[in-house]
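Report on the structure
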Amino acid sequence: MKKILLFAITVLLLSACAVKAPYQDHTGPGGVLMVQAGQHVAAGEDAKAIALLERAVRIEPRNGHAWLGLARLYFASGDINKAEQFARRAMQFAGADKRLERDCQAFIGEIR
Amino acid sequence: MTKKRRRRAKSKPRTRLWLKILLLLAVPLALALVLYVLYLDQVVQTKFEGKRWSVPSRVYARALELYPQKLLTADKLLAELKLIGYQPSADGLAPGTYLRNGNKFVVTTRAFRHWDSLEPGRSIALKFNHKQLLTVDDVEAAEPLTLVRLEPMLIGIIHPAHREDRVLVRLDELPASLTLALQAVEDRKFASHHGVDFRGIARAAWANLRAGKVVQGGSTLTQQLVKNFFLNRERSLTRKINEAIMSLLLELRYDKKDILEAYANEIYLGQDGNRAIHGFGLAAQFYFNKPPQELAIAESVLLVAILRGPTYYDPRRHPERALERRNQLLEIIWRDGLIDRQQAQAAKAATLGVTPKPNLGSSRYPAFIALVKRQLQQDYRDEDLRSEGLRIFSSLDPVIQQVAEKALTTNINRLERQPGLLEGGVVVTRLGSAEVTAVVGGRNPRFDGFNRALDIQRPVGSLLKPALYLTALSQPHRYTLASLIDDAPLKLKQSDGTVWSPANYDHKNHGKVLLAEALIHSYNQAAVRLGLALGLGQVVETVHRLGIDKKIPPYPAMMLGSLELAPLQIAQMYQTLADDGFYTPLRAVRAVLNANHRPLNRYSLDTEQRFAPEQTFLVNETLRMALRQGTGQSVGRQLPKTLSLAGKTGTTDDLRDSWFAGFGRDYLGVVWLGNDDNAVTGLTGGSGALPVWADIMGQINVTEAGPPPEAIEYVSIDMETGLQADSGCQQRYELAFITGTAPVEYAPCAGNKVKRSVGGFIDRLKGLFR
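What you see is a predicted model, and the numbers here were worked out from it, not measured in a lab.

All names here are of chain B. Buried residues dominate strand 29 (residues 657-663), accounting for seven of its seven residues. Residues Asp657, Trp659, Ala661 and Phe663 of strand 29 are buried on one face, and the alternating residues Ser658, Phe660 and Gly662, pointing to the opposite face, are buried as well. Across seven bridges, strand 29 lies against strand 30 (residues 667-675) in antiparallel orientation. The partner of alanine 661 across the bridge, within strand 30, is valine 670. Here strand 29 folds back onto strand 30, and the loop between the two strands holds three residues.

Below, the discussion takes up the interface of chain B and chain A. Between chain B and chain A, the contact holds 30 residues from the first and 23 residues from the second. Of the roughly 2400 Å² buried between chain B and chain A, counting both surfaces, carbon and sulfur atoms make up 50%. It is Leu147, Leu605 and Thr607 of chain B that lose the most area in chain B upon contact with chain A, and together they represent 21% of the buried surface on that side. Here chain B and chain A share four salt bridges between them. Here aspartate 579 of chain B makes a salt bridge to arginine 89 of chain A, at a shortest N to O gap of 3.3 Å. Linking chain B to chain A there are 13 residue pairs in polar contact (both at pLDDT 80 or more). Classifying every residue of the side of chain B that touches chain A by side-chain character gives seven nonpolar, eight polar and 15 charged.

Turning to helix 19 (residues 536-546) of chain B, a few remarks are in order. Residue and element names in this part refer to chain B. Residues of helix 19 that are buried: Leu536, Val539, Val540, Thr542, Val543 and Leu546. Down the axis of helix 19, the sector holding all buried residues measures 155°, keeping them to one side. Contact partners of the buried residues in helix 19: helix 16 (465-473), helix 18 (524-534), helix 20 (567-578) and strand 25 (582-583). Just downstream of helix 19 lies glycine 547, where phi reads positive at about 125°.

Residues and elements named next belong to chain B. One ladder, built from five bridges, connects strand 8 (residues 123-128) with strand 9 (residues 133-138); its direction is antiparallel. In the strand pairing of strand 9, alanine 125 is matched with aspartate 137. Across two bridges, strand 9 lies against strand 10 (residues 143-144) in antiparallel orientation. Within the sheet, the bridge partner assigned to aspartate 137 lies in strand 10 and is proline 144.

Let us now look at the state of the cysteines. Residue and element names in this part refer to chain B. Within the structure shown, the criterion is met by one disulfide over all chains. Two residues, cysteine 729 and cysteine 749, share a disulfide whose sulfurs are 2.0 Å apart. Because the torsion about its S-S bond is 90°, the bridge between cysteine 729 and cysteine 749 counts as right-handed. Of this pair, cysteine 729 sits in the loop between strand 31 (712-718) and strand 32 (732-738) while cysteine 749 sits in the loop between strand 32 and helix 24 (761-769), and the two are 20 residues apart along the sequence. With a relative accessible area of 2%, cysteine 729 lands in the buried category. Overall, cysteine 749 belongs to the partly exposed group, its relative accessible area being 28%.

Here the focus is the sheet that holds strand 30 of chain B. Strands belonging to one sheet form pairs held by backbone hydrogen bonds; the direction of such a pair is parallel or antiparallel. All names here are of chain B. The strand order 18-17-30-29-28 describes an open sheet built from five strands, whose pairing is antiparallel. Of all the strands in the sheet, just strand 18 (436-440) and strand 28 (646-651) have a single pairing partner and so form its edges. Across this sheet, the average inter-strand angle for adjacent strands is 10°, counted without regard to direction. Here strand 17 (residues 422-430) pairs with strand 18 via four bridges, running antiparallel. If you follow threonine 429 over to strand 18, its bridge partner there is valine 436. Across the sheet, helix 20 is in contact with strand 17, strand 28, strand 29 and strand 30; its angle to strand 30 comes to roughly 150°. Sheet strands in contact with helix 21 (residues 613-629) are strand 28 and strand 29, and its direction is about 70° off that of strand 28.

Once that is clear, we can look at the confidence of the model for chain B. Any region with low pLDDT has predicted coordinates that should not be read closely. Residues and elements named next belong to chain B. Of all residues in chain B, 94% attain a pLDDT of 70 or more, and the chain-wide mean is 89. Low pLDDT, under 50, characterises residues 755-760; the predicted model gives this stretch 10 contacts beyond four residues in sequence or across chains. The complex model carries a pTM of 0.85, and its ipTM stands at 0.83.

The subject of this paragraph is the sheet that holds strand 13 (residues 164-166) of chain B. Residues and elements named next belong to chain B. Judged by pairing direction, the sheet is mixed, and its three strands sit side by side in the order 13-15-14 without closing on themselves. Each having just a single partner strand, strand 13 and strand 14 (268-272) make up the two edges of the open sheet. With direction set aside, neighbouring strand axes in the sheet form an average angle of 35°. Of the strand pairs in this sheet, strand 14 and strand 15 (residues 275-278) are connected by four bridges, and their pairing is antiparallel. Across the sheet, the residue bridging to glutamine 271 is alanine 276, located in strand 15. Its contacts with the sheet put helix 8 (residues 279-288) on strand 13, strand 14 and strand 15, and the angle it makes with strand 15 is roughly 115°.

Thresholds, definitions, all that
- Residues numbered from 1 in each chain as written.
- Chains lettered and ligands numbered in written order.
- Predicted model: local features only at pLDDT ≥ 70, side-chain atom pairs only at ≥ 80, totals over all residues.
- Heavy atoms only, no water.
- Buried < 20%, exposed > 50% of the residue type's maximum accessible area, 1.4 Å probe, protein only.
- Helix = DSSP H or I, 4+ residues; strand = E, 2+ residues; numbered from the N terminus.
- Pairing = 2+ DSSP bridges.
- Contact = heavy atoms within 4.5 Å.
- Buried area = accessible area lost by both parts, 1.4 Å probe.
- Salt bridge = Lys/Arg side-chain N within 4 Å of Asp/Glu carboxyl O.
- Polar contact = N/O pair within 3.5 Å; in protein donor to acceptor, adjacent residues only side chain to side chain.
- Nonpolar A, V, L, I, M, F, W, Y, C, P; charged D, E, K, R; others polar.
- Arc of directions from axis to C-beta.
- Disulfide = S-S within 2.5 Å.
- Axes fitted to C-alpha atoms, helices over the stretch in contact; angles between N-to-C directions.
- pLDDT = per-residue confidence, 0-100.

Put into structure tokens, the structure is as follows:
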């Protein structure tokens, strides 16, 4: 059940990045890797998803969506502290992307 | 007659006796032989089925990621392709080749199993403009691609106990031209004999007798394998007998295919320093820089030619001998009908085609490999690291490493007073992921010795000052960049009774100065006074939170950099500043896979917020100004303004150590210059380390300045008073403030303005758009 919920959240997150986030170029390498990461989450392969998102962060260190994606995966793995730190990092890169900023705030509020 | 009979009667029991004795002897002998053969059989089986070979661990650089809009120039791509050994060709369509046509490339990549996924090999077309990669297209499918990874460069080999190196191959990965030529030349009857070819031995003996020297060997491939695999190099009859028995056993037990595959991986084919090149897989890489599947006929046959005497026929040292033997062998396999006349002629006409000797082992990037080894020991379990054939994926960027090496060596040659003495160390890291991308351990980057980037401990001079100012600016209602602090001289009585009176570098007193100015010009007196006002314990705490885990005695001299550190430690501290207050441990290893491609337990990316982004922004903004108008201006002014580079000089007493640490938007760099014996260099941070740093950072940082954090506003400040300025003020600074903390009063020079303008709307707006 938790897995399904997480998947739903991730899909929501990913679709939010792909369609609505104004500063997120969803055709760029980060976006492509995030979509792949979402597929691995759906298949229950979180480690692979983390590897893909880390790759996204290496290519685009200021991709707040990728940092938030990592935060969510660490939360799912039970590492609350790490999840919060990654969400803070994500928020730092949100810049003018208000939606991402709100997502990060909501996430941090939720896990505390 | 009786005599005869008697004799016969006598001889019969004697023969019987002999027979008996013989039998008595023969039975145990035969039994011993059987037991011995069984023992050898056990040896053969155990070794052949067990872990057969020692395979060292390989360290890879980061793989270059290619995608449209990437800030990457055509020249940088070319540098990468050369480093990974790709060859130019007429169409760029064969694996491992490329064609460059101005700003356009066709590159055919090889499939590669990265630590996280398999990247297929394909032909890609790339188009650049002057600063970025515009498009990436799949040539065959004529479709745009979003993300492609090249093969990573192999940057080092970490040996276990032995010095043997090999890349294991399966038989089906070897081209037929290689395996067939091998049999034609070394063992014609391989397919049919049972391990030993007696006719072959006789034929070889006859040929050798006729020639008067050894021209032909009688050993089968099986015997050669047994000799290399199970036995030592001694030449004795016992060894020959063992070899024959074991060959027969091996043939009895295993397929011809298994034996041939083992041979292909075992055979010794060359030497690279203290690294022994074994097997065709590695030999193809070592001599031709390609996987064995891609070998042309002439290349396959050259490998077969070499194996008879890898030193004597070394194609790099004795190309004429190697060429002659290769062509003799081509003649043989043509006569045997394995290739046709045309193929033979073309192959004979081909050059040897060997690439320049790769610089491997740990010799190419010893300083970086040292860091990798250290982090492996720190982060991975010993028992995991002891297993063989690990593949270690590191974060080295070979192009940046090249830039850093060149910058250090050329500047050292230019700056040194006495030739050969001045030394240096460089660390370059990537912002965000906090990965180490380059390490230079000294002026001779290939020398595997004292690693100055990691192991020196030298006083860091003013490099710690940003921590001091960060401590102050973390109390935004007490200190801002416009706070006036005192730069008057001071005398401090120390615990041992001596008096310490720090002086400014220019030996002047500047009176009351802006906090920003004190950092921009690195005033010592102001720094010590500020530190004392804040409390040394607080400053030390900030240094720790920035990432320096060394014990720091809280002496006032610490603020002026009496603390001794290595460039790598300084990089960790500045990384936290550059990453907006997020501490991320520096890493050089991304992942480690064992021989079965399974990842070892790894420590994934980690990060922790230690300071508010606005606070680090104020410090970084001041370090940007320091580079343009302060201690770094000699060089800083020549750097492109768009890159928003920031940094700090560090100079120690009597000009012994010259430091510079700073960052752009992509990379961070720390440079140290000094003499190993701690002699005077005559260099300041600005005249020594800074030019090296600027050379590197100007080339590798590409991302332009971004917007400041939202909670930041810019206000024009009068230098005299630290109050708001306008065009009426002669000397003014545009300074950053956390919103709501800028001074509200106007300086006397600011015309006849109403002296209070709390958050004047127009001024705010101006601040926002500056």
